[in-house]
Amino acid sequence: MSRDPANTILTVDRVMRGRFANRFFLDRSVELETVRQIIEVARHAGTGANVQPWHVHLVAGQVKASLIEALGHAHETEAHAHTPEYKYLPDDLPEPYASRRREFGAVFYGSLGIAPDDNAARARNTARNYRFFDAPVGLIFTIDRRLEKGSWLDLGMFIQNIMLAAGARGLDTCAQEFFSRYHAVIRRELSLSAEAMVVCGMSMGFGDPQWADRRPHMPKADVDDIASFHGF
Ligand SMILES: Cc1cc2nc3c(=O)[nH]c(=O)nc-3n(C[C@H](O)[C@H](O)[C@H](O)COP(=O)(O)O)c2cc1C
C-alpha cells in the first residue's frame, strides 16, 4: 500500500464520498485512453473463485447514437412490451426500505423542481435515462445468465470500482437499472450472446458543475443503522 497512508485515506475517502448519481453532463468527450484505464483498474475487483463474471459494453459516438435511437423508439412507442429479465426490487418493499425509497423520491424530484403529482414531468425525466443523460460514454453491464447470485455480488464490485476509478479521474457517473427492461433492443443493437443478461447500464462523463452545486444529497443511513459491532 501507500507510503503515505494518511494521504491515501483522505484521497480514497474523498473519492467515495464525492461519488453521486450525476444525471447532468457537459458536452465534452472522454478520451478512449481514459475509459480504457478505468476498466483496466476496475478489473482488479475481487470475485469469488476469481471467476470475474462481468462484461461491460462501452458505447460512444455513432454507436451510442444508434443505440439511443433504438431505445428511444422502444421507450416512446412500445414501453409496455419491454420488461426486465430480473426483478430489481420486490413489489411489496418492506421497511425500512420503503421509507428510504419514498425519501429518495422526495429528495430527487424535489431537486429537479418536479411536484410529487406531476407524472408528465416525471416521465420526461425518466426518458432521459435512455439517452444516457446526454453523457458522452454509455456502459451496458451484462452477466452470464448461467451463473448464480454470488456472481451478481461480484459484478456490483466491478461496477463500484468503475464509478470510483472514474471519480478519481474527475468523471461522474450514474448507474442505471433502467436499461434492464430494454434488453431485447440492446441485445439486437450490440449483438449480445444468448447467455448475456443485461443487468444495468451507466452514464459516464464530465459532470455539469452547475448541477453539482444543486444536486440532491441522498440521505445515507447512519453507521449504527447498518452495522452491528460484536466483540469489540
Ligand atoms: C445499481 C443501480 C441502479 C440504478 N439505476 C438508476 C436508474 O435506472 N436511473 C437513475 O436515474 N438512477 C439510477 N440509480 C441511481 C440511484 O438512484 C442513486 O444511486 C441513489 O438514489 C443514491 O444516490 P447517490 O448515488 O447520489 O448517492 C441507480 C443506482 C444503482 C447503484
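Note that the structure is predicted; figures quoted are calculated from it, not measured.

Trainee: Kindly report on the state of the cysteines, identifying the contributing residues and their values.
Mentor: The final tally for this structure, using the stated rule, is 0 disulfides. Residue C174 stays outside any disulfide, its sulfur separated by 10 Å from that of C200, the closest cysteine.

Trainee: Help me get a handle on the pairing of strand β2 (residues 137-144), residues and values and all.
Mentor: Of all 8 residues that make up β2, 7 are buried, and the element is covered over most of its length. Where β2 and strand β4 (residues 196-205) come together, 8 bridges link them in antiparallel fashion. Bridging from a neighbouring strand, L139 pairs with M202 of β4.

Trainee: Kindly report on the nonpolar core, identifying the contributing residues and their values.
Mentor: Across soluble globular proteins, nonpolar side chains have a tendency to be buried as a group. Counting residues in each nonpolar core, the largest one holds 27 residues, and the members touching the most others are L139, F141, L155, F158, I162, M202 and M204. Among the elements that take part in this core, helix α6 (residues 149-168) stands out by supplying 7 residues, more than any other. Those residues in contact with F141, other than ones at most four positions away along the chain, are H55, V56, L155, F158, I159, I162, M197, V198, V199, C200, G201 and M202.

Trainee: Tell me about a nonpolar patch on the surface, residues and numbers included.
Mentor: Taken together, the side chains of V223, F229 and F232 define a hydrophobic patch exposed on the protein surface, amounting to about 420 Å² of accessible area. In this structure, V223 sits in helix α9 (residues 223-226). On the accessibility criterion, V223 (53% relative accessible area) is exposed.

Trainee: Tell me what's going on with the pairing of strand β3 (residues 172-176), and back it up with residues and numbers.
Mentor: For β3, the tally of buried residues reaches 4 of 5 residues, placing the bulk of the element in the interior. Alignment of β3 against β4, held across 5 bridges, turns out to be antiparallel. Note on β4: the bridge partner recorded for C174 is S203.

Trainee: Got a sec to walk through the sheet that holds β2? Specific residues and values, please.
Mentor: The sheet built from 4 strands is open, its strands ordered β1-β2-β4-β3 with antiparallel pairing. Strand pairing shows two members of the sheet lacking a second neighbour, β1 (54-59) and β3, which therefore form its edges. Between one strand axis and the next, the sheet turns through 25° on average, direction left out of account. The pairing of β1 with β2 spans 6 bridges and is antiparallel. Looking at the pairing, W54 lines up with I143 of β2. On top of the sheet, α6 reaches β1, β2, β3 and β4; it is set at about 15° to β4, its chief contact.

Trainee: Give a detailed account of the site of the ligand, specifying residues and quantitative values.
Mentor: Around the ligand, the structure places 15 residues, and the nearest of them are R19, A21, R23, E177 and K220. Note that a nitrogen atom of the ligand is positioned 3.0 Å from one of the side-chain N or O atoms of N129. In the environment of the ligand, an oxygen atom lies 2.5 Å from a nitrogen or oxygen atom belonging to the side chain of K220. Looking at which element gives the most residues to the shell around the ligand, the answer is β3, with 3 residues. Residue composition of the shell around the ligand, by class: 9 nonpolar, 2 polar and 4 charged.

Trainee: Got a sec to walk through helix α3 (residues 61-78)? Specific residues and values, please.
Mentor: For α3, spanning 18 residues, the distance from its first C-alpha to its last is 25 Å, which sits close to the expected 26 Å at 1.5 Å a residue. Against β1, α5 (119-127), β2 and α7 (183-190) lie the buried residues of α3.

Trainee: Give a description of the packing of aromatic side chains that names residues and reports values.
Mentor: For the structure on display, the rule yields 11 aromatic pairs. With 4.6 Å between their ring centres and 25° between their planes, F132 and F179 make a pair best called stacked. Within this pair, whereas F132 is found in the loop between α5 and β2, its partner F179 is found in the loop between β3 and α7, the two being separated by 47 residues in sequence. For the pair F132 and F179, a shared accessibility class is recorded, and that class is buried. Site record: aromatic cluster; members linked through ring pairs are F132, F178, F179 and Y182. When the ring centre of F206 is taken as origin, the NZ or CZ atom of R28, which lies over that ring, is 3.6 Å away. Taking the ring centre of F20 as reference, the NZ or CZ of R215 above it sits at 4.0 Å.

What counts and what doesn't
Residues numbered from 1 in each chain as written. Predicted model: local features only at pLDDT ≥ 70, side-chain atom pairs only at ≥ 80, totals over all residues. Heavy atoms only, no water. Disulfide = S-S within 2.5 Å. Buried < 20%, exposed > 50% of the residue type's maximum accessible area, 1.4 Å probe, protein only. Helix = DSSP H or I, 4+ residues; strand = E, 2+ residues; numbered from the N terminus. Pairing = 2+ DSSP bridges. Core = buried A, V, L, I, M, F, W, Y, C linked by side-chain atoms within 4.5 Å. Contact = heavy atoms within 4.5 Å. Patch = residues over 30% accessible without salt bridge, like charges linked within 9 Å, V, L, I, M, F, W, Y side chains within 5 Å. Areas by Shrake-Rupley, 256 points an atom, 1.4 Å probe, with all protein chains shown as cover. Salt bridge = Lys/Arg side-chain N within 4 Å of Asp/Glu carboxyl O. Axes fitted to C-alpha atoms, helices over the stretch in contact; angles between N-to-C directions. Near = heavy atom within 4 Å. Polar contact = N/O pair within 3.5 Å; in protein donor to acceptor, adjacent residues only side chain to side chain. Nonpolar A, V, L, I, M, F, W, Y, C, P; charged D, E, K, R; others polar. Expected span 1.5 Å × (residues − 1). Phe/Tyr/Trp six-rings, centres within 6.5 Å; stacked < 30°, edge-to-face > 60°. Lys NZ or Arg CZ within 6 Å of the ring centre and 35° of its normal.

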